[in-house]
Amino acid sequence: MKIAVNKAHFPVTVLGPGQRIGIWVQGCGIGCKGCVSQDTWAKDPGREITVARLLTWCREVAAGGFDGVTISGGEPFDQPQALRALLKALHQWRAALDHKFDILCYSGYPLTRLRGRHAGILELLDAIIAEPYVENLPITQLWRGSSNQSLVPLSDLGRERFLPFIDAAADSFGKRIQTLVEAGRVWYIGIPARGDMAALEKACRERGIKFGEVSWRQ
Ligand code: SF4
């Protein structure tokens, strides 16, 4: 089974508790206005890799220990068969470890729709952050891009790990963005405040740095 992946990174510390493996899938048919990840929208078979290869990468980068896996995008539920295969592989890996990592997934679809169409996938998650990004709603809660988005634990482990954070404020841990440079690109991981990317672009332009392609417009 193959899955289209935009990028993957370890450690991610701003999209869920602890040190996490971050996997961003490629392809999103939702198209929320103001999405900062528009580079993930297009379906791109050229970005497909096997679930087995992705798992091998996960095992290598997190060999020293980790707390969880965050799957985002893109829209993970636009590749339901691949998502299910990835989750099953993560469960097999978890069963063989002597410490439990949690699995958190983002989706821009309403939770009611996911419960109706993808109950079998939800059973494989410990928590989900669902609902579309709404540009004119504020960022109030930790790990969420707009105030309509809910963090819902889905398992005993999910309740143990995520219940303390359901009502946590967006800036509970201070740092909300990670930056990394990889393959000649600068990546921002996390939930930027409204206007952050435009302000960053302006500040860089004033210092003579002009952005080429950016993910927040097409
Ligand atoms: S915010 Fe998420 S669901 Fe909405 S368009 Fe962007 S990638 Fe898709």
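Heads up: these notes are all about the structure in this document. Bear in mind the structure is a predicted one, so any value in this text is a computation, not a measurement.

**With respect to the overall build of the chain**
The helix and strand tally for the chain stands at six helices and nine strands. In summary, the chain has a C-alpha radius of gyration of 17 Å against a globular reference of 17 Å for 218 residues, a match within 12%. Overall, the C-alpha framework of the chain stretches about 50 × 35 × 35 Å when taken along its three principal axes. In the chain, which comprises 218 residues, the share counted as buried stands at 48%. Summarising the internal contacts of the chain: among those between residues at least 6 apart in sequence, 63% fall at separations of at least 24. Counting every atom, the chain has about 11,000 Å² of accessible surface; 52% of that belongs to carbon and sulfur.

**What about the pairing of strand β9 (residues 185-190)?**
Bridge count for strand β8 (residues 177-182) against β9 is six bridges, and the pairing is antiparallel. Bridge pairing in β9 places E182 opposite R185. Hairpin connection between β8 and β9: a loop of two residues separates the two successive antiparallel strands, and A183 in this loop has a positive phi of roughly 50°.

**Observations regarding the packing of aromatic side chains**
Inspection of every chain in the model, using the stated rule, returns seven aromatic pairs. Judged by centre distance (5.1 Å) and plane angle (50°), the rings of W93 and F101 are tilted. As far as burial versus exposure is concerned, W93 and F101 are alike and both buried. Geometrically, the ring pair formed by W143 and F162 is edge-to-face, given 6.2 Å between the ring centres and 75° between the ring planes. Of this pair, W143 sits in the loop between β6 (127-130) and β7 (150-153) while F162 sits in helix α5 (residues 156-162), and the two are 19 residues apart along the sequence. Residue W143 shares its accessibility class with F162, and that shared class is buried. Cluster of aromatic residues (ring-pair linked, three or more members): W143, F162, F165 and F173. Note that K7 overlies the ring of W24, its terminal NZ or CZ placed 4.8 Å from the centroid. Directly above the ring of F101 sits R94, whose terminal nitrogen or CZ lies 5.8 Å from the centroid.

**Details of the site of the ligand**
In the vicinity of the ligand, the contacting residues are C28, I30, G31, C32, C35, T40, W41, G74, G108 and Y133. Grouping the amino acids of the shell around the ligand by side-chain chemistry returns six nonpolar, four polar and no charged.

**Digging into a nonpolar patch on the surface**
A surface patch of nonpolar side chains, amounting to about 280 Å² of accessible area, comprises V181, V186 and Y188. Relative to the helices and strands, Y188 resides in strand β9. Given a relative accessible area of 31%, Y188 falls into the partly exposed group.

**Regarding helix α6 (residues 196-206)**
Within the sequence span of α6, burial applies to M197, E201 and C204. All buried residues of α6 fall inside an arc of 70° around its axis, so they share one side. Turned more than 90 degrees off the buried face of α6, the exposed positions are A198 and E206. Of the residues one or two after α6, G208 is the one with positive phi, at around 85°.

**Side note on the side chain of S215**
Relative to the helices and strands, S215 resides in the segment after α6. When residues no more than four places from it in sequence are discounted, the contact partners of S215 are C35, V36, S37, Q38 and D39.

**Quick notes on the nonpolar core**
General note: in soluble globular proteins, nonpolar side chains tend to be found buried as a group. In this structure, I71, F77 and L90 are the most contacted members of the largest nonpolar core, which totals 36 residues. With seven residues, the top contributor of residues to this core is helix α2 (residues 80-96). With residues near it in sequence (within four places) discarded, I71 still touches I23, V25, P76, L83, L86, L87, L90, I103, L104, C105 and Y106. If you look at the next biggest cluster of nonpolar residues, it comprises 20 residues, including W24, Y106, L180 and I191.

**Digging into the packing of helix α1 (residues 51-61) against α2**
Where α1 meets α2, the closest approach of the two axes is 10 Å, and the angle between their N-to-C directions is 40°. Here α1 lies oblique to α2, going by the angle between them. Considering how the two elements wind past one another, α1 and α2 form a crossing that is right-handed. Residues V51, L54, L55, C58 and R59 of α1 lie in contact with α2, whose contacting residues are A82, A85, L86, A89, L90 and W93.

Cut-offs applied
- Residues numbered from 1 in each chain as written.
- Predicted model: local features only at pLDDT ≥ 70, side-chain atom pairs only at ≥ 80, totals over all residues.
- Heavy atoms only, no water.
- Helix = DSSP H or I, 4+ residues; strand = E, 2+ residues; numbered from the N terminus.
- Rg over C-alpha atoms; globule rule 2.2 N^0.38 Å.
- Buried < 20%, exposed > 50% of the residue type's maximum accessible area, 1.4 Å probe, protein only.
- Contact = heavy atoms within 4.5 Å.
- Areas by Shrake-Rupley, 256 points an atom, 1.4 Å probe, with all protein chains shown as cover.
- Pairing = 2+ DSSP bridges.
- Phe/Tyr/Trp six-rings, centres within 6.5 Å; stacked < 30°, edge-to-face > 60°.
- Lys NZ or Arg CZ within 6 Å of the ring centre and 35° of its normal.
- Near = heavy atom within 4 Å.
- Nonpolar A, V, L, I, M, F, W, Y, C, P; charged D, E, K, R; others polar.
- Patch = residues over 30% accessible without salt bridge, like charges linked within 9 Å, V, L, I, M, F, W, Y side chains within 5 Å.
- Salt bridge = Lys/Arg side-chain N within 4 Å of Asp/Glu carboxyl O.
- Arc of directions from axis to C-beta.
- Core = buried A, V, L, I, M, F, W, Y, C linked by side-chain atoms within 4.5 Å.
- Axes fitted to C-alpha atoms, helices over the stretch in contact; angles between N-to-C directions.
- Parallel < 35°, antiparallel > 145°, perpendicular 65-115°, else oblique.
- Left-handed = near helix turned anticlockwise from the far one by under 90°.

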